[in-house]
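Residues per chain are reported as follows:
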Amino acid sequence: MASKVQVSARLEEKSPGLPYAAFILGWLVPGLGHVLTRHWIRAALLFASITSMFTLGIMMQGKLYQANVGDVLEMLGFAGDLGGGALYILSRVMDLGHGAVQVATADYGTKFIVVAGLLNVISAVDAHNLRIGRKPAC
Amino acid sequence: MLAVSHFSAVLLFATFASVVFGITQRTNPKAMVKYGLYCWAMFVGIVIAASWLMWFIRR
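Student: Describe the interface of chain B and chain A, naming the residues involved and giving the relevant values.
Tutor: Each partner contributes to the interface: chain B provides 21 residues, whereas chain A provides 23 residues. Together chain B and chain A conceal approximately 2,000 Å² of surface at their shared face, both sides included; 81% is due to carbon and sulfur atoms. When the buried area of chain B at its contact with chain A is split by residue, Leu2, Phe16 and Ile23 of chain B rank highest and sum to 29% of it. Linking chain B with chain A are 6 residue pairs in polar contact (both at pLDDT 80 or more), by the criterion used here. Those elements that place two or more of their residues in the side of chain B that touches chain A are helix H1 (6–25) and helix H2 (29–58) of chain B. For the side of chain B that touches chain A, the element with the most residues is H1 of chain B, which contributes 12 residues. Its residues assigned to classes, the side of chain B that touches chain A comprises 15 nonpolar, 5 polar and 1 charged.

Student: Summarise the confidence of the model for chain A; cite the residues concerned and give the values.
Tutor: Of all residues in chain A, 88% attain a pLDDT of 70 or more, and the chain-wide mean is 88. Put simply, helix H1 (residues 4–13) of chain A is where chain A has its lowest mean pLDDT, 50, and helix H4 (residues 40–59) of chain A is where it has its highest, 96.

Student: Describe the side chain of serine 91 of chain A, naming the residues involved and giving the relevant values.
Tutor: Residues and elements named next belong to chain A. Looking at the secondary structure, you find serine 91 in helix H6 (residues 86–93). One polar contact links the side chain of serine 91 to the main-chain carbonyl oxygen of leucine 87, over a distance of 2.7 Å. Ignoring any residue separated from it by four or fewer positions in sequence, one finds serine 91 in contact with Phe54, Ile58, Leu64 and Leu96.

Student: Outline the packing of aromatic side chains, supporting the account with residue identities and numerical values.
Tutor: Residue and element names in this part refer to chain B. For the structure shown, the criterion picks out 8 aromatic pairs over all chains. Their ring planes at 35 degrees and their centres at 6.1 Å tell us that tryptophan 52 and phenylalanine 56 sit as a pair that is tilted. Of this pair, tryptophan 52 and phenylalanine 56 both sit in helix H2, 4 residues apart, roughly one helical turn. Taking NZ or CZ as reference, arginine 26 lies 4.0 Å from the ring centre of tyrosine 35, over its face.

Student: How would you sum up the pattern of salt bridges? Please name residues and give values.
Tutor: Residues and elements named next belong to chain A. The full count for this structure, using the stated rule, is 3 salt bridges over all chains. The shortest N-O distance in the salt bridge between lysine 63 and glutamate 74 comes to 3.0 Å. Taken together, the residues span a long stretch of sequence, with lysine 63 in the loop between H4 and helix H5 (72–82) and glutamate 74 in helix H5 at a distance of 11 residues. Among the residues examined, glutamate 74 registers a relative accessible area of 28% and is labelled partly exposed. The salt bridge involving aspartate 107 is made with lysine 111; its shortest N-O contact spans 3.2 Å. With aspartate 107 and lysine 111 both in helix H7 (residues 106–132) and 4 residues apart, the pair spans about one turn of that helix.

Student: So what's going on with the nonpolar core? Which residues, and what values?
Tutor: Residues Ile50, Met53, Phe54, Leu64, Phe112 and Leu119 of chain A are the most contacted members of the largest nonpolar core, which totals 24 residues. Elements with a contribution of two residues or more to this core: H4, H6 and H7 of chain A together with H1 of chain B.

Student: I'd like a rundown of a nonpolar patch on the surface, residues and numbers included.
Tutor: Residue and element names in this part refer to chain A. Taken together, the side chains of Tyr20, Ile24, Leu28, Val29, Leu32, Val35, Trp40, Ile41, Leu45, Phe47, Ile89 and Val93 make up a nonpolar region of the molecular surface, amounting to roughly 1,100 Å² of accessible area. Element by element, the count of residues in the nonpolar patch is highest for H4, at 4 residues. In this structure, leucine 32 sits in helix H3 (residues 32–36). A relative accessible area of 31% means that leucine 32 is categorised as partly exposed.

Student: Hey, could you go over the confidence of the model for chain B for me, with residue numbers and the actual values?
Tutor: Any region with low pLDDT has predicted coordinates that should not be read closely. Of all residues in chain B, 100% have pLDDT values of 70 or greater, and the mean over the chain is 95. The complex model carries a pTM of 0.88, and its ipTM stands at 0.91.

Calculation notes
- Residues numbered from 1 in each chain as written.
- Chains lettered and ligands numbered in written order.
- Predicted model: local features only at pLDDT ≥ 70, side-chain atom pairs only at ≥ 80, totals over all residues.
- Heavy atoms only, no water.
- Contact = heavy atoms within 4.5 Å.
- Buried area = accessible area lost by both parts, 1.4 Å probe.
- Polar contact = N/O pair within 3.5 Å; in protein donor to acceptor, adjacent residues only side chain to side chain.
- Helix = DSSP H or I, 4+ residues; strand = E, 2+ residues; numbered from the N terminus.
- Nonpolar A, V, L, I, M, F, W, Y, C, P; charged D, E, K, R; others polar.
- pLDDT = per-residue confidence, 0-100.
- Phe/Tyr/Trp six-rings, centres within 6.5 Å; stacked < 30°, edge-to-face > 60°.
- Lys NZ or Arg CZ within 6 Å of the ring centre and 35° of its normal.
- Salt bridge = Lys/Arg side-chain N within 4 Å of Asp/Glu carboxyl O.
- Buried < 20%, exposed > 50% of the residue type's maximum accessible area, 1.4 Å probe, protein only.
- Core = buried A, V, L, I, M, F, W, Y, C linked by side-chain atoms within 4.5 Å.
- Patch = residues over 30% accessible without salt bridge, like charges linked within 9 Å, V, L, I, M, F, W, Y side chains within 5 Å.
- Areas by Shrake-Rupley, 256 points an atom, 1.4 Å probe, with all protein chains shown as cover.

Printed below as a string of structure tokens:
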């Protein structure tokens with residue numbers, strides 16, 4: 001049975017360079033963390049899924065939350081949106097995501113954007129786990 | 001502007017979320033596909049079941 005010291009030593013061997021590089025890159029661009037771990041198909045699928053979800057949310061006139069210290073739900077919405085990484089930053093720079101209260105499905109768009117951000121965080125954590133060897137690479 | 005129906009939104013949501021869940025929550029490709037399909041069926045199935053439940057409550 002491998003001791004804790006042996007396991008941590010094995011994890012360090014499998015993570016050359018910056019240990020959090022896969023997490024940071026995966027957060028910035030969906031799937032880029034998996035590119036770093038050479039999982040090309042997973043990277044492509046994650047990029048397509050998360051980017052499509054975020055883009056559809058914007059196209060449905062969903063709302064992009066901004067940094068705030070007011071309502072708790074607004075703060076949580078911002079945290080979720082921020083998970084989108086560069087997608088969120090780019091959309092804010094392009095002045096998108098103002099939301100349309102008169103459109104019934106615009107609220108779905110808002111949820112699509114938040115969930116895309118949260119899924120991106122899950123994907124970035126997965127890339128980090130693959131990078132450090134916590135998750136076996138198949 | 002994109003205006004999708006409620007059910008189309010459910011199908012899109014289920015598809016994208018299931019792809020990410022499948023890839024991140026399982027280790028080998030076969031298990032990923034199986035888990036992704038399971039998640040998709042659960043997302044859509046529960047929505048349909050809840051919709052019928054609400055229809056009966058309204059009656």
